[in-house]
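# Architecture and fold: a report
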Amino acid sequence: MPYITMCQGPKCTANGAGLIIRDMEDLAFGVACVEASGCMGQCGKGPNGMYAEKSGAKGKITNKLNKYSKLTEMLGEVI
């Protein structure tokens, strides 16, 4: 099952990452594992998420995940 890692760094959290990870968990239920991470280093573009084939692996980072439509777009790339 693929992994979606959601940044929980300070700037992403200030931009709603705490709520966004819950939305992604709901959307991805049964199709991807969702986990939290520290800063992804793209603070000015956050909240950020990353897709990878396994936990802890480097993958494609998606920026500006502050809208539900962006979350569904990211998930569409995963499944």
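Whatever comes next refers back to the structure up there.
Keep in mind it's a predicted model, so treat the numbers as computed, not measured. (Residues numbered from 1 in each chain as written. Predicted model: local features only at pLDDT ≥ 70, side-chain atom pairs only at ≥ 80, totals over all residues. Heavy atoms only, no water.)

### Focus on the overall build of the protein chain
Helix and strand counts for the protein chain come out as 3 helices and 4 strands. The principal-axis extents of the C-alpha atoms in the protein chain amount to approximately 30 × 25 × 15 Å. For the protein chain, the residues scored as buried account for 34% of the 79 residues in total. Surface summary for the protein chain: the accessible area is close to 4,500 Å², and the carbon and sulfur share equals 55%. If the 9 positive side-chain charges of the protein chain are averaged to one point and the 7 negative ones to another, these points end up 11 Å apart. (Helix = DSSP H or I, 4+ residues; strand = E, 2+ residues; numbered from the N terminus. Buried < 20%, exposed > 50% of the residue type's maximum accessible area, 1.4 Å probe, protein only. Areas by Shrake-Rupley, 256 points an atom, 1.4 Å probe, with all protein chains shown as cover. Lys, Arg positive; Asp, Glu negative; His and termini not counted. Charge placed at Lys NZ, Arg CZ, Asp CG, Glu CD.)

### Points about the environment of A52
Positionally, A52 belongs in strand β3 (residues 49-52). In this structure, the C-alpha to C-alpha distance between A52 and D23, residues 29 residues apart in sequence, is 19 Å.

### Quick look at the nonpolar core
Judged by nonpolar contacts, the single largest core of 13 residues is most densely connected at I4, M6, M24, A28, V34 and L71. Among the elements of the structure, β1 (3-7), α2 (17-28) and α3 (68-78) are those that each provide at least two residues to this core. (Core = buried A, V, L, I, M, F, W, Y, C linked by side-chain atoms within 4.5 Å.)

### Some words on α3
The complete set of buried residues in α3 reads L71, M74, L75 and V78. Buried residues along α3 cover an arc of 100 degrees about the axis, so they all sit on one side. Residues of α3 that are buried make contact with β1, α2, β3 and β4 (60-62). (Arc of directions from axis to C-beta. Contact = heavy atoms within 4.5 Å.)

### Brief notes about the sheet that holds β3
Spatial strand order, β2-β1-β3-β4: 4 strands in an open sheet with mixed pairing. Looking along the sheet, the strands with just one partner apiece sit at the ends: β2 (33-37) and β4. Between one strand axis and the next, the sheet turns by 25 degrees as a mean value, whatever way the strands run. (Pairing = 2+ DSSP bridges. Axes fitted to C-alpha atoms, helices over the stretch in contact; angles between N-to-C directions.)

### Things to note about the side chain of N48
Looking at where N48 falls in the secondary structure, it is placed in the loop between β2 and β3. Looking at N48, its side chain comes within polar contact range of the main-chain oxygen of Q42, at 3.1 Å. Look past the residues within four positions of N48 in its chain and what remains in contact with it is T5, M6, C7, C12, M40, Q42, C43, I61, T62, N63, K64 and L65. (Polar contact = N/O pair within 3.5 Å; in protein donor to acceptor, adjacent residues only side chain to side chain.)

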